[in-house]
Amino acid sequence: MIDGKPVVAIATGLSRPSSNSKTGPMVQVFIIPSDIHPMQAANTGADYAVCGDCRHRGTVVTDPKTGKRTNVGRSCYVTLIRSPRMVYDAHKRGLYELLTPSQAKLALRRRNVRIGAYGDPGAVPVAVWREALGRASAVTGYTHLWRRFPELAAFCMASCDTPAERDEAKALGFRTFRVRSRDEPLQPGEGHCPASAEMGHATTCNSCLLCGGNRRQAKADLAIVAHGAGARNFNPSQASLALA
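First, a word on what this report is: a plain description of the structure on this page. (Residues numbered from 1 in each chain as written. Predicted model: local features only at pLDDT ≥ 70, side-chain atom pairs only at ≥ 80, totals over all residues. Heavy atoms only, no water.)

Scanning the chain from terminus to terminus reveals 7 helices and 12 strands. By the compact-globule yardstick of 18 Å for 244 residues, the chain fits well, its C-alpha radius of gyration being 17 Å. By its C-alpha atoms, the chain is 50 × 50 × 35 Å across when sized along the principal axes. A burial count over the chain gives 50% of its 244 residues as buried. Once local pairs closer than 6 in sequence are excluded, the contacts in the chain between residues at least 24 apart make up 67%. Put simply, the chain shows about 11300 Å² of open surface, and 53% of that area lies on carbon and sulfur atoms. If you average the places of the 32 positive and of the 19 negative side-chain charges in the chain, the two averages end up 7 Å apart. (Helix = DSSP H or I, 4+ residues; strand = E, 2+ residues; numbered from the N terminus. Rg over C-alpha atoms; globule rule 2.2 N^0.38 Å. Buried < 20%, exposed > 50% of the residue type's maximum accessible area, 1.4 Å probe, protein only. Contact = heavy atoms within 4.5 Å. Areas by Shrake-Rupley, 256 points an atom, 1.4 Å probe, with all protein chains shown as cover. Lys, Arg positive; Asp, Glu negative; His and termini not counted. Charge placed at Lys NZ, Arg CZ, Asp CG, Glu CD.)

The next subject is the pattern of salt bridges. The full count for this structure, using the stated rule, is 11 salt bridges. Ionic pairing is found between R166 and D221, a salt bridge with its closest N-O pair at 2.8 Å. With R166 in helix 6 (residues 163–171) and D221 in strand 11 (residues 221–225), this residue pair connects regions lying 55 residues apart in the sequence. What emerges from the salt-bridge pattern is a single network uniting R166, K170, R178, E184, E190 and D221. (Salt bridge = Lys/Arg side-chain N within 4 Å of Asp/Glu carboxyl O.)

Written out as structure tokens, the structure reads:
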């Protein structure tokens, strides 16, 4: 949906719950380019297909002597060499069952699902999400593409990096999740992420479920202090299906 390049949405944690300490045992959906390694994609700019113009992608620079391209300044919290790499490798080995959105709806029924463990949900047609998530117990998700795909407000938070972006996203009907610096105050109507380090990891995303966009009936928006990259304790055997 972003640039016409092929992507795949892969749901993990159906047969073995995720061991992600922050999110808890949610089904995790990774959105990755289907034909290029995620680390190579980041170093060549091909990650635009799943990340769009997110400012946390970093910048691709070319060495004038060797012609080698490298990503610099990447601030995304996802460590590509960990879970995205393992998911992609498993995908290329054919380890995932391919499901249509209607089949995925049955596989995800009564499950708590996190869409966009890597990749922006906007990369996948909204119609696919509506069908596949139709029987899920709860959904959490975040999108930097809220300007382009305002219909994602139904089940995604608008990822915002400034108070001005938050105001703009709210005007489009989104609830928001804002990344802030440690010394930056909360805005009116914002609360701390209960699963964050600054809140002592008081709960997990699987228990909180406040980041469900307008699907979640909550008044408060959320904010979190910027934190380092890393997805811990990921096991590729958790992977269970891919959405066609």
